[in-house]
Amino acid sequence: MTSYQYSADFAEKMDKEDTLSSFRDAFHIPVMHGKPCIYLTGNSLGLLPKSARSFVEQEFLDWQDLGVEGHTEAKNPWLYYHHFLSKQVAAIVGAKEKEVVVMNNLTVNLHLMLVSFYRPTPTRFKIIIEGGAFPSDQYAVDSQAKFHGFDPKEAIIELLPRQGEYSLRTEDILAKIQEHQDSLALVMLGGVNYYTGQVYAMESITRAAHQAGALCGFDLAHGAGNIPVKLHDWDVDFAVWCSYKYLNSGPGGTSGVFVHEKHGNSPDIPRFAGWWGHNEKERFLMKRDFVPMEGAQGWQLSNAQIFPMAIHRASLELFEKAGMDNLRKKSILLTGYLEFVLKHIHTLGKFDFEIITPSDPEQRGCQLSVLVRSNGKNLYDYLKTQGVIVDWREPNVIRMAPVPMYTNFQDIYALGKIIESYGN
Ligand SMILES: *Cc1c(COP(=O)(O)O)cnc(C)c1O
């Protein structure tokens, strides 16, 4: 156990000992007021890997020189481009290569998964989600319930924290699943809640959902690249995530999908189909009947988005080099340091705030959500004038995510000093 100190020397020493410290140089850190900012919003939009330009430039060159021939003649033939990401993506989410595919955008993929894995019957039609889920996820499940002729008020069951608490207790989640076991079709949670930063006990939730006769899927928008997950071993039915948060692959970047192999190999599972999901060997024979590719690839609709995927490859290469386990180790230390510094500042009694993210490292990734009791927006605005980018969530929460890939301990110490100077 590291015993933290709130001092410049301590932060410098931690950075010297950090075996991942060189990865910071692989990213462009935005400059504010003439110097690199303290960037704590990698949970919202990850930073640009310097190598992304050359990955994209390769595709510009091949397009420029080859035109349509690039589909087969490009250095990375466009026809097969999605294959070039699967291995690294699978490592990040604990999947077999065949169980993942990169395609589309997140909410689109969530709908595609719900089409296949939310197949309600008159008696088994409920979906359990977390109360205060990310709006897009709420809209997706509500509209799916309506699409099947159900009233979301009856079909969607929201998990809420106990009075006076901010996080969900696993025992309460499991109890809710049991309570609805006769009518439950699906459990669909964010693996990591975007607001509180809480990591849910995905393995036991999946087991409980299955025992209740339901399926279980996760939206890992805040999980992928943040915490290690083992989707295959946990027997999760499906998962989706985006690439532009912790995975640093650019605004509106492409998205990832996991379909467990037990489903991926059943061609009869209902799905919305498109030509890129069709058996690759005969795709261009333009035959009449759809024969899905094996695994998650069988859910593809359209030909690959080469440019967003090129950026994604640059970032995935960095994740492969750094290793999720190493990133997680640093993340626990770094987030623990942020917590330590914030708690220290709290003891100074200058303003009132509370960290609503669980303090147990197993129940959080790198994000800390700080509930500021009064004038939180002022603090947020002040931080920006001091070159700190955090994010503001109505009504009173500042989210801070020291992502281990490019944040260092000296950033956190400097942040502490800046917060201390607030209101002086
Ligand atoms: C970021 C995020 C989204 C955003 O969806 P897009 O389709 O990528 O715009 C959806 N759900 C969750 C849980 C998110 O965190």
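Residues numbered from 1 in each chain as written. Predicted model: local features only at pLDDT ≥ 70, side-chain atom pairs only at ≥ 80, totals over all residues. Heavy atoms only, no water.

J.: Can you walk me through the sheet that holds strand S7 (residues 126-130) in this structure?
T.: Adjacent strands of a sheet form backbone hydrogen bonds with each other and so pair up, either parallel or antiparallel. Spatially, seven strands are ordered S6-S12-S11-S10-S9-S7-S8 in an open sheet, and the strand pairing comes out mixed. Edge positions in the sheet fall to strand S6 (100-103) and strand S8 (156-159), since each has one partner strand and no second. Neighbour to neighbour, the strand axes of the sheet diverge by 20° on average, direction disregarded. Two elements, S6 and strand S12 (residues 255-259), share four bridges in a ladder whose sense is antiparallel. Opposite valine 101, over in S12, you have valine 257 as the bridge partner. Each of S6 and strand S11 (238-242) touches helix H4 (residues 83-93); the most contacted strand, S6, lies at about 115° to it. (Pairing = 2+ DSSP bridges. Helix = DSSP H or I, 4+ residues; strand = E, 2+ residues; numbered from the N terminus. Axes fitted to C-alpha atoms, helices over the stretch in contact; angles between N-to-C directions. Contact = heavy atoms within 4.5 Å.)

J.: How should I be thinking about the sheet that holds strand S16 (residues 391-393) in this particular structure?
T.: Spatially, S13-S14-S17-S16 is the arrangement adopted by the four strands of the open sheet, whose pairing is antiparallel. Edge positions in the open sheet fall to strand S13 (353-355) and S16, since each of these has one partner strand only. Here the strands of the sheet are splayed against their neighbours by 30° on average, with no regard to which way each runs. Across three bridges, the pairing between S13 and strand S14 (residues 368-372) is antiparallel. Note that in S14 the partner of glutamate 354 across the bridge is leucine 371.

J.: Sorry if this is basic, but what is going on with unusual backbone geometry here?
T.: Here the amide bond leading from glutamate 394 into proline 395 is cis, since omega sits at 0°, within 30 degrees of zero. In this structure, proline 395 sits in the loop between S16 and strand S17 (397-400). Located in the positive-phi region is histidine 33, a residue other than glycine, with phi close to 50°. Structurally, histidine 33 can be placed in the loop between strand S2 (31-32) and strand S3 (35-36).

J.: Looking at this structure, how should I read the layout of surface pockets?
T.: Where empty space is left becomes clear once a probe the size of a water molecule has been rolled over the atoms. Roughly 310 Å³ of volume is contained in the largest pocket. If you trace the largest pocket, you find 18 residues lining it, with Val199, Pro228, Trp234, Arg328 and Glu362 closest to the centre. Counting residues per element, the ones that place at least two in the lining of the largest pocket are helix H8 (170-179) and helix H12 (324-347). Within the lining of the largest pocket, the residues separate by chemical class into 11 nonpolar, three polar and four charged. Both domains that meet at the lining of the largest pocket, namely domain 1 (8-50 + 323-421) and domain 2 (81-321), each give it at least three residues. (1 Å grid on protein atoms, 1.4 Å probe; cavity = no way out; pocket = protein on both sides within 12 Å on 5 of 7 lines; lining within 4 Å. Points joined across faces, edges and corners; volume = space filled by probe spheres on them. Nonpolar A, V, L, I, M, F, W, Y, C, P; charged D, E, K, R; others polar. Domains from an automatic or database assignment.)

J.: What am I meant to see in a nonpolar patch on the surface here?
T.: Residues Trp275, Phe284 and Met286 make up a contiguous nonpolar surface patch of roughly 340 Å² in combined accessible area. Position of tryptophan 275 among the secondary structure elements: in the loop between helix H10 (261-264) and helix H11 (306-322). (Patch = residues over 30% accessible without salt bridge, like charges linked within 9 Å, V, L, I, M, F, W, Y side chains within 5 Å. Areas by Shrake-Rupley, 256 points an atom, 1.4 Å probe, with all protein chains shown as cover. Salt bridge = Lys/Arg side-chain N within 4 Å of Asp/Glu carboxyl O.)

J.: Looking at this structure, how should I read H4?
T.: In an α-helix, one turn spans 3.6 residues; hence positions three or four apart end up facing the same way. Regarding H4, the residues found buried are Leu85, Ser86, Gln88, Val89, Ala90, Ile92 and Val93. Where H4 is buried, its residues contact S6, S11, H11 and H12. Just downstream of H4, glycine 94 is the residue with a positive phi angle, here 65°. (Buried < 20%, exposed > 50% of the residue type's maximum accessible area, 1.4 Å probe, protein only.)

J.: Would you mind going over the pairing of S7 with me for this structure?
T.: Along any regular strand the residues' side chains alternate between the sheet's two faces. The buried count for S7 comes to five of five residues, which makes it a mostly enclosed element. Neither face of S7 is exposed, since Lys126, Ile128 and Glu130 on one face and Ile127 and Ile129 on the opposite face are all buried. When S7 meets strand S9 (residues 184-190), the two strands line up parallel, connected through three bridges. Residue pairing in the sheet places isoleucine 128 in a bridge with valine 187 of S9. Inspection of the sheet shows S7 paired to S8 by four bridges, in the parallel sense. Bridge pairing in S8 links isoleucine 129 to glutamate 158.

That is the geometry; function is a separate question.
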